[in-house]
Amino acid sequence: MADTTCGLHLFWDEAETGYDFGPGHPMDPTRLALTMRLVESLGLTKQPSVTVRSAPAAGDSTLRLVHTAEYVAAVKRAAADPSAVDAVHGLGTDDNWAFPGLHTASALIAGQSVAAAEAVWRGETPHAVNFAGGLHHAMPGQASGFCIYNDPALAIARLLELGAERVAYVDVDVHHGDGVQQAFWNDPRVLTVSLHESPTTLFPQTGWATETGGPDAQGTAANLALPAGTGDAGWLRAFHALVPELLAAFRPQVIVSQHGADTHVEDPLAHLAVTVDAQRTVAEAIHRLAHDHADGRWIATGGGGYAVVDVVPRTWTHLVATAAGHPVDPATETPEEWRAEVYRLTRQPAPLRMTDGATPHWSDFHDGGYDPADRLDQAVLATRRAVLPQHGLIP
């Protein structure tokens, strides 16, 4: 059922597919093209609540809201000479290959997220999505984890520059949102919440419950590290055990979220066991939380996700549909024209429906009690004990 109270600016530029590390790299830009084609095939861009926009690339002054001038110069040098290795800045490394469009494509993606933040803050739209964004590992002076410029952090920094006093960042990528946490580690205006696979089994080996913020911002970093193998029920239980309570206490003026699709059971780079259906459920939950706590102001980005055909396009199309107020019934068949495009681009068969066939459900941590023998509950309780007292809440 459509929600007539919602409006969406979908930020998209076909040139964002130029963020291409090359053949064999997991960060395949085909996932972006296939997402946009699915969004279009399902008629979402024709909805009156949806405006498709393209913003200019972020300029150097905007990039310097988060990144050092030296690092921006290093990215440009790497683009000019992709054969060089700059280990100091993490460029030309095993994860972050250099290519001629390195700076221009990265700055373009960053520009979309910054423009999304501006549009939402200025009241042009309640919701904005840049599914090409979510590059949350990039540090102020170093590339990391396939991420060159940290567009979620840049969006948050721009919100602060425009006058926002409380911004909440919610990251449900399978990897810890370390770059965004680092950017605002000691800034009490920004709450960063990350649900991710345990650092004991996955990059970047950070995101422990004990990481709670700098000396002037205690409690503004919240990290819930999930055991490898966690599926829908555990993932949703963990989310609802932490995020709504924290957001209610923090009272954000705007929510920025990162929706990496690599929590999925089929993702080749991680070890959780979540379905597209649970990922859709969390997008819907964040949408509700934005309306409950931030007057509807919500900026959503993509992120990781390396099951290029089977997972990413469906997950992010559900994200777009949710933000547009026109959710797609999970039982919907994927359009024939989209399946043909999938085969043309990848020579792989496309998924036939917008669902994995799961019916997401979970037991509520607040009602069902804590199981001291359960590793997931142990992780939930560790985070609640570390963070909630800083907000005057009882863990």
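Above: the structure in question.
Residues numbered from 1 in each chain as written. Predicted model: local features only at pLDDT ≥ 70, side-chain atom pairs only at ≥ 80, totals over all residues. Heavy atoms only, no water.

*Asks:* Provide a residue-level description of the overall build of the protein chain, including the pertinent values.
*Replies:* A count of helices and strands for the protein chain gives 12 helices and 8 strands. Against the globule reference of 21 Å for 395 residues, the protein chain gives a C-alpha radius of gyration of 19 Å, in line with a compact fold. C-alpha atoms of the protein chain, sized along the principal axes, occupy 55 × 50 × 40 Å. Taken over 395 residues, the protein chain has a buried fraction of 60%. Long-range pairs, those at least 24 residues apart, make up 77% of the contacts in the protein chain with a sequence separation of at least 6. (Helix = DSSP H or I, 4+ residues; strand = E, 2+ residues; numbered from the N terminus. Rg over C-alpha atoms; globule rule 2.2 N^0.38 Å. Buried < 20%, exposed > 50% of the residue type's maximum accessible area, 1.4 Å probe, protein only. Contact = heavy atoms within 4.5 Å.)

*Asks:* An account of the nonpolar core is needed here, citing residue identities and associated values.
*Replies:* Counting residues in hydrophobic clusters, the biggest one holds 125 residues, and the most contacted among them are I148, Y149, F239 and I255. It is helix α4 (residues 102–121) that contributes the most residues to this core, 11 residues altogether. Setting aside residues up to four positions removed in sequence, F239 forms contacts with V170, V172, L195, P244, V282, A285, I286 and L289. (Core = buried A, V, L, I, M, F, W, Y, C linked by side-chain atoms within 4.5 Å.)

*Asks:* Kindly report on the pattern of salt bridges, identifying the contributing residues and their values.
*Replies:* Here the structure, examined in full by the defined rule, presents 17 salt bridges. The partner of E40 in a salt bridge is R37, with the nearest N and O atoms 2.8 Å apart. Of this pair, E40 and R37 both sit in helix α1 (residues 30–41), 3 residues apart, roughly one helical turn. In this structure E40 comes out as partly exposed when scored by relative accessible area, which is 32%. Taking relative accessible area as the criterion, R37 reaches 19% and is therefore assigned buried. Close ionic contact of R384 with E245 constitutes a salt bridge, the shortest N to O distance being 2.7 Å. On the criterion of sequence distance, the pair formed by R384 in helix α12 (residues 375–387) and E245 in helix α7 (residues 232–250) is long-range, its members being 139 residues apart. Residue E245 is classed as partly exposed on the basis of its relative accessible area, which comes to 22%. (Salt bridge = Lys/Arg side-chain N within 4 Å of Asp/Glu carboxyl O.)

*Asks:* Can you tell me about α12, naming the residues and giving the values?
*Replies:* In this model α12 runs 19 Å from its N-terminal to its C-terminal C-alpha over 13 residues, within 8% of the 18 Å that 1.5 Å per residue would give. Where α12 is buried, its residues touch β6 (221–226), α7 and α11 (365–368). The N-capping residue of α12, defined by a side-chain oxygen 3.0 Å from the backbone nitrogen of L376, is D374. (Expected span 1.5 Å × (residues − 1). Polar contact = N/O pair within 3.5 Å; in protein donor to acceptor, adjacent residues only side chain to side chain.)

*Asks:* Break down helix α5 (residues 151–162) for me, citing the residues and quoting the values.
*Replies:* Over its 12 residues, α5 runs 16 Å from end to end, which matches the ideal 16 Å to within 8%, given 1.5 Å per residue. Taken as a whole, α5 has its buried residues at D151, P152, A153, L154, A155, I156, A157, R158, L159 and L160. For α5, the N-terminal cap is N150; the gap from its side-chain oxygen to the backbone nitrogen of A153 is 3.1 Å.

*Asks:* Describe in detail the packing of aromatic side chains, supporting the description with residues and values.
*Replies:* All told, the structure shown has 7 aromatic pairs when counted by the stated rule. Geometrically, the ring pair formed by W12 and F131 is stacked, given 5.3 Å between the ring centres and 25° between the ring planes. With W12 in the loop between β1 (8–11) and α1 and F131 in the loop between β3 (127–130) and α5, this residue pair connects regions lying 119 residues apart in the sequence. By the burial criterion, W12 is buried, and F131 matches it. Between Y71 and Y149 the ring centres are 6.1 Å apart and the planes differ by 90°, which places this aromatic pair in the edge-to-face class. Note that Y71 is positioned in helix α3 (residues 69–80) and Y149 in the loop between β3 and α5, a separation of 78 residues in sequence. The same class applies to Y71 as to Y149, namely buried. Here the aromatic residues W12, F131 and W316 are joined through ring pairs into a cluster of three or more. (Phe/Tyr/Trp six-rings, centres within 6.5 Å; stacked < 30°, edge-to-face > 60°.)

*Asks:* Report on the environment of A285, specifying residues and quantitative values.
*Replies:* With respect to the helices and strands, A285 occurs in helix α8 (residues 276–293). Judged by its relative accessible area of 3%, A285 is buried. For the pair A285 and T322, spaced 37 residues apart in sequence, the C-alpha to C-alpha distance is 9.8 Å. Setting aside chain neighbours within four positions, we find A285 in contact with F239 and H240.

*Asks:* Which residues make up the packing of α1 against helix α9 (residues 312–324), and what are the values?
*Replies:* How two helices sit against one another is set out by the angle between their axes and by the gap between those axes. Interaxial distance between α1 and α9 falls to 8 Å at its minimum, and their mutual angle equals 50°. By the criterion of interaxial angle, the relationship of α1 to α9 is oblique. α1 and α9 meet at a crossing whose hand is right-handed. Residues R31, L32, L34, T35, L38 and V39 of α1 touch α9, and the partners they reach there are V312, P313, R314, W316, T317 and V320. (Axes fitted to C-alpha atoms, helices over the stretch in contact; angles between N-to-C directions. Parallel < 35°, antiparallel > 145°, perpendicular 65-115°, else oblique. Left-handed = near helix turned anticlockwise from the far one by under 90°.)

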